[in-house]
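Analysis of the macromolecular model
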Amino acid sequence: QVQLVESGGGLVQAGGSLRLSCAASGRTTGIDTMGWYRQAPGKQRELVATVSSGDTTNYAESVKGRFTISRDNAKNTVSLQMNSLKPEDTAVYYCYLRRIVIGINDDYWGQGTQVTVSS
């Protein structure tokens, strides 16, 4: 099992910045992708950004140029720097981790951290 602990959410005014962090512990061998998803009220969970073990990044179009994802493989952490925040970024943000063990995907989610952007 893998445990994911998120931190860094909160309330910020539009145009402001927040940084989310997520630390993985437990069975951390075979970690492939780490990243962030979000879910706004009444909407489906959506990808925000991911980073592979080879540091390949993937961003939702809506956050490109504003958010930056980074990871520290030695510490098993992933962070999301969010700049120029907009009210539509308001959501619960979930840390995500995929292990690949003997070819099998093993996915984990954090408990979620609230990000609220006021206009």
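In what follows, the accompanying structure is described. (Residues numbered from 1 in each chain as written. Predicted model: local features only at pLDDT ≥ 70, side-chain atom pairs only at ≥ 80, totals over all residues. Heavy atoms only, no water.)

1. A few points about the state of the cysteines
Counted under the stated rule, the structure contains one disulfide. Each sulfur of the disulfide joining C22 and C95 lies 2.1 Å from the other. Taking the torsion about the sulfur-sulfur bond, which here is approximately -85°, the covalent link between C22 and C95 counts as left-handed. Of the two residues, C22 is situated in strand β3 (residues 18–26) and C95 in strand β9 (residues 91–101); the sequence distance between them amounts to 73 residues. On the accessibility criterion, C22 (1% relative accessible area) is buried. (Disulfide = S-S within 2.5 Å. Helix = DSSP H or I, 4+ residues; strand = E, 2+ residues; numbered from the N terminus. Buried < 20%, exposed > 50% of the residue type's maximum accessible area, 1.4 Å probe, protein only.)

2. Considerations on the side chain of T113
Tracing the backbone shows T113 in strand β11 (residues 113–118). Overall, T113 belongs to the buried group, its relative accessible area being 12%.

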